[in-house]
Amino acid sequence: MPRRAARAALPLPDLVVLVLQGGGALGAFQAGVYEALIELGIELDWVAGISIGAVNAAIIAGNERDQAVGKMREFWEGVSSALPSLPTVDNDWAREWAHMAAAGQVAAFGVPGFFIPRVLPPAFAARQTPEAVSFYDTAPLVATLDRLVDWDRVNNGKVRLSVGAVAVETGNFRYFDTKLETLDARHILASGALPPGLPPVEIDGIWYWDGGLVSNTPLEHVVESANEDMLVFQVDLFPARGDRPHGMEEAWSREKDIRFSSRTRRISDGLVRRRKEHRLIDRMLQKLPPQFADLSEVKAVRKMVDCKALNVVQLIHEPPAWQTGARDFEFSRSTMEVNWALGRDAVEAAMKDGHLLADSIAEGRSDSFAVQSNALRPKAEPGVPE
């Protein structure tokens, strides 16, 4: 019998997962999503992240549920502390100017508790060292994570944690997963080591960079590693849809959206489509005459079919008009609060039509949903009937 969220009319399957994309300062949106989900009584079994998503994921997995939101608030208020909220004229031009100025300050001086500029430029560092291939030092983030995250809880607690990174020398993607190994701050830093700004992280003799270079969503790892009916809240920080840009700033912003969202959308849509196709194959196999059941080909196909239900809810950050292509490294307090509130709003919009998701879970279907026009809508899968 499915579990049920305490304060939301939503049956929960065996496995509830929060999947967090990379996107720097936009990670405050993920914090707002998590806070809203917890208030609805939705218990998480697994959290997986890339880059800033790995940082938020570690804080979630490394704290008791009722304390995790407070720890996330402490993290986000800390990294935005150098750029406090200041009164501005309430129009998009003024907000964009302040937004760009804040991003410029981050580029020049770094982010408190996260990264700081190196004293010596990379050209003066010893060759083939992390200092020689990055502009910033992430030692402050190690101290921040060790203060906010209980690593014993991460590795032995109820919430599974997975973070992704890419090996510098081979280009191979790897997930560090508490079900398979012991994680610490190094693994989180590796997942968010975006070059050339942030340094590679060495783990077991191998240099790792930001997992977003290969895949900006850990959904594929989650789906392929699980054997239960699953509900996934996939938090995307870059929208696939957007207007035609008017100028260079908007072109820069739109390029980032397409680059990061296209891979995410392809992965999520493909995984749900595959589950639907497998269900159709299973129905066909059940209709075969008995004399064909023992054929080796039929047995092989049966082993390949996965009919566990997969429901994916995409909660997408829709940036205000004044947020430009700098929004992933703009860590001002006012923008952080805006992004946090947008995350809460996305969950609220999804739950307005929560019955659509509830029906799919209760009936054991596989579906993909997204919040569009402030409402939850199923994503059409042409040619794949239920």
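In this report, the structure presented in the accompanying data block is examined. These numbers come from a predicted model, not from an experiment. (Residues numbered from 1 in each chain as written. Predicted model: local features only at pLDDT ≥ 70, side-chain atom pairs only at ≥ 80, totals over all residues. Heavy atoms only, no water.)

Quick notes on helix α12 (residues 354–362)
Argument step 1. Taken as a whole, α12 has its buried residues at Gly354, Leu357, Ala358, Ser360 and Ile361. For α12, the angular spread of the buried residues around the axis is 165°, confining them to a single face.
Argument step 2. Buried positions along α12 lie against β2 (11–12), β11 (230–236), β12 (310–316), α11 (333–352), β13 (367–372) and β14 (375–378).
Argument step 3. Glycine 364 lies just past α12 and shows a positive phi near 70°. (Buried < 20%, exposed > 50% of the residue type's maximum accessible area, 1.4 Å probe, protein only. Helix = DSSP H or I, 4+ residues; strand = E, 2+ residues; numbered from the N terminus. Arc of directions from axis to C-beta. Contact = heavy atoms within 4.5 Å.)

Regarding a nonpolar patch on the surface
Argument step 1. Together, Val119, Leu120 and Phe124 make up a nonpolar patch on the protein surface, roughly 410 Å² of accessible area in all.
Argument step 2. By secondary structure assignment, the location of leucine 120 is in the loop between β5 (116–117) and β6 (136–137).
Argument step 3. On the accessibility criterion, leucine 120 (54% relative accessible area) is exposed. (Patch = residues over 30% accessible without salt bridge, like charges linked within 9 Å, V, L, I, M, F, W, Y side chains within 5 Å. Areas by Shrake-Rupley, 256 points an atom, 1.4 Å probe, with all protein chains shown as cover. Salt bridge = Lys/Arg side-chain N within 4 Å of Asp/Glu carboxyl O.)

Quick notes on the pairing of β13
Each regular strand shows side chains that alternate between the opposite faces of the sheet.
Argument step 1. Here β13 lies mainly inside the structure; five of its six residues are buried.
Argument step 2. Pairing analysis gives four bridges linking β13 to β14, with the strands arranged antiparallel. Within β14, the residue paired with phenylalanine 369 across the bridge is proline 378.
Argument step 3. A loop of two residues connects β13 with β14, the two strands running antiparallel in sequence, and serine 373 in this loop sits at a positive phi of about 55°. (Pairing = 2+ DSSP bridges.)

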